[in-house]
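An overview of the molecular structure
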Amino acid sequence: MTYPFRFTDVPAPFLEYGEARQWGGLAVRRLRASAGRHDGGVLTDHRLLFYLSGGVTAECACEGVKQRRVQTPADFDVVPAGADGSWEDSAATEMVSVRLAPELLTETAEALDLPHRTELAPKLGVRDPLVEHFVGALVAELDAPAPAGRLHADSVASALAVRLLQDFGPRAPSRQVLSKPQLRRIVDYVESRLDGELSLEEVAQVAGISVPHLTTLFRRTMGQSVHAYVMERRVLRARALLLSGRTGIAEAALETGFAHQSHLARWMRRLLGVTPGQLLRG
């Protein structure tokens, strides 16, 4: 893929520019920032500012994310494409600027089947051993007498993009719910055992998932807890039995898993607004 991307920094009076290299959608350059407050500007590509200096007190802000820190070598900031930021450093700072074309991350996300995570989130003062390794490889290329082969550069770019997407992309809210077969098995199991004891462990086993997974996915799917659903089904079954005229209140309570008729009355009043007696009289 050819990336519509050129390493053209907006000139800034507080920056001294050093060596630079570019491979496709990835570019790397040494920078030196003077002490003081700096506005980062808005660029169309993602930036990774990897700090080489230590002991510098910095106050940083990027898209609402703020941090005051004492920098140590290998700290880095992630500035997404289109984001603006500002930095105030107590002393001059040496850093490496890594630039990634948005198309590179999009292509990588699609290859990983992560279409909802093609962007980066602002991060300040983070550390990551793999990112440090990849940036170290890029810095080595800056110091090399001749550019690396394209295959090597593409490999580093791809690995860095994967790491950033997996650990520094915005977290999309989970939309996982129970599958239709799982929900059908749970409903059938509950309906067949309304007259006896039920446990979350049993229901989770029917669904083929853990208890914590069950409680999360069931509420997300049905809008209520497993317990609330079971009690609702028991009350509705008891109402049907009572209205059929074939059972009394005590018998209906036992046939729907309630300990006694006052237990049934309490839950029926809570869910239906009437007691079993009122239902029969009504």
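To be clear, the structure that these remarks concern was listed above.
This structure is a prediction, so every number in the text was calculated from the model and none was measured. Sequence order as written defines the numbering, with residues in each chain counted from 1. The predicted origin of the model limits local features to residues at a pLDDT of at least 70 and limits the giving and counting of side-chain atom pairs to 80 or more, whereas totals for whole chains, interfaces and linings rest on all residues. The side-chain values count all of the structure's non-hydrogen atoms but skip hydrogen atoms and water molecules.

Okay, the overall build of the chain next. Counting its secondary structure elements, the chain contains 10 helices and 10 strands. Each residue's exposure class comes from its accessible area (1.4 Å probe, protein chains only) as a fraction of the maximum for that residue type: buried when under 20%, exposed when over 50%, partly exposed otherwise. When each of the 282 residues of the chain is scored for burial, the buried share is 42%. Within the chain, contacts between residues separated by at least 24 positions form 68% of all contacts whose residues are at least 6 apart in sequence. Note on areas: these come from Shrake-Rupley sampling with a 1.4 Å probe, and a residue is covered only by the protein chains present in the view. Summed over all atoms, the accessible surface of the chain reaches about 14500 Å², with 52% contributed by carbon and sulfur. The helix count covers DSSP runs of H or I at least four residues long, the strand count covers runs of E at least two residues long, and both are numbered beginning at the N terminus. Should any heavy atoms of two residues lie within 4.5 Å, those residues are counted as being in contact.

A regular strand places its side chains on the two faces of the sheet in alternate fashion. Taking every second residue as pointing to the same face, the buried face of strand 5 (residues 57–62) carries Ala58, Cys60 and Cys62, while none of Thr57, Glu59 and Ala61 on the other face is buried. Here, any two strands with at least 2 DSSP bridges between them count as paired. Pairing geometry for strand 5 and strand 6 (residues 65–70), over six bridges, is antiparallel. Paired with Ala58 across the bridge in strand 6 is Arg69. Linking strand 5 back to strand 6 in an antiparallel pair, the connection comprises two residues, with Glu63 at a positive phi of about 50°.

Let us now look at the pairing of strand 1 (residues 15–23). Pairing of strand 1 with strand 2 (residues 26–33) involves seven bridges; the strand directions are antiparallel. Of the residues in strand 2, the one forming a bridge with Leu15 is Ala33. Linking strand 1 back to strand 2 in an antiparallel pair, the connection comprises two residues, with Gly24 at a positive phi of about 55°.

Quick look at the side chain of Asp77 now. Looking at where Asp77 falls in the secondary structure, it is placed in strand 7 (residues 76–79). At 2.6 Å, the side chain of Asp77 forms a polar contact with the side chain of Tyr51. Polar contacts here mean pairs of N or O atoms no more than 3.5 Å apart (in protein, one a potential hydrogen donor and the other a potential acceptor; neighbouring residues in sequence count only if both atoms are side-chain atoms). A distance of 2.9 Å separates polar atoms of two side chains, one belonging to Asp77 and the other to Trp87. Setting aside chain neighbours within four positions, we find Asp77 in contact with Arg47, Leu48, Leu49, Tyr51, Arg69, Trp87, Lys123, Leu124 and Gly125.

Each reported salt bridge corresponds to a side-chain nitrogen of Lys or Arg within 4 Å of a carboxyl oxygen of Asp or Glu. All chains considered together, the criterion is met by 11 salt bridges. Here Arg30 ties to Asp143 by a salt bridge, and the two come within 2.6 Å at their closest N and O atoms. Placement of Arg30 in strand 2 and of Asp143 in helix 2 (residues 129–143) is noted, with a sequence separation of 113 residues between them. The exposure class of Arg30 is partly exposed, given its relative accessible area of 22%.

Considering the arrangement of structural elements, one finds Arg68 in strand 6. Residue Arg68 is classed as exposed on the basis of its relative accessible area, which comes to 59%. With 21 residues separating them in the primary sequence, Arg68 and Asp89 have C-alpha atoms 10.0 Å apart. Non-local contacts of Arg68, meaning those with residues more than four positions away in its chain, are made with Thr57, Ala58 and Glu59.

Strands sit in the order 1-2-9-4-7-10 across an open sheet of six strands; the sheet is antiparallel. Each edge of the open sheet is held by one strand with a lone partner, namely strand 1 and strand 10 (123–126). Shown here is a sheet whose adjacent strand axes are inclined to one another by a mean of 15°, direction ignored. Whenever a helix is involved, its axis is fitted only over the stretch in contact; in every case the axis is a line through C-alpha atoms, and angles between N-to-C directions fall within 0 to 180 degrees. Along the sheet, helix 2 makes contact with strand 1, strand 2, strand 4 (46–51), strand 7 and strand 9 (93–100), crossing strand 2 at roughly 85°.

Looking now at the packing of aromatic side chains. The criterion for an aromatic pair is that two Phe, Tyr or Trp rings (for Trp, the six-membered ring) have centres within 6.5 Å, with stacked assigned to planes under 30 degrees apart, edge-to-face to planes over 60 apart and tilted to the rest. Within the structure shown, the criterion is met by three aromatic pairs. Between Phe50 and Phe76 the ring centres are 6.4 Å apart and the planes differ by 15°, which places this aromatic pair in the stacked class. Residue Phe50 is located in strand 4, and its partner Phe76 is located in strand 7; the two are separated by 26 residues in the primary sequence. The class of Phe76 is buried, set by a relative accessible area of 0%. Relative to Tyr229, the ring of Phe218 lies with its centre 5.5 Å away and its plane at 65°, an arrangement referred to as edge-to-face. In this pair, Phe218 is assigned in helix 6 (residues 211–222) and Tyr229 in helix 7 (residues 226–244), connecting sequence segments 11 residues apart. Using a relative accessible area of 7% as the deciding quantity, one classes Tyr229 as buried.

This part is about the sheet that holds strand 8 (residues 85–89). Taken in spatial order, the four strands of this open sheet run 3-8-5-6, and their pairing is antiparallel. Strands with a single pairing partner mark the edges of an open sheet, and in this sheet they are strand 3 (36–39) and strand 6. Neighbouring strand axes in the sheet, compared pairwise and without regard to direction, differ in orientation by 10° on average. As paired strands, strand 3 and strand 8 are joined by four bridges and run antiparallel to one another.

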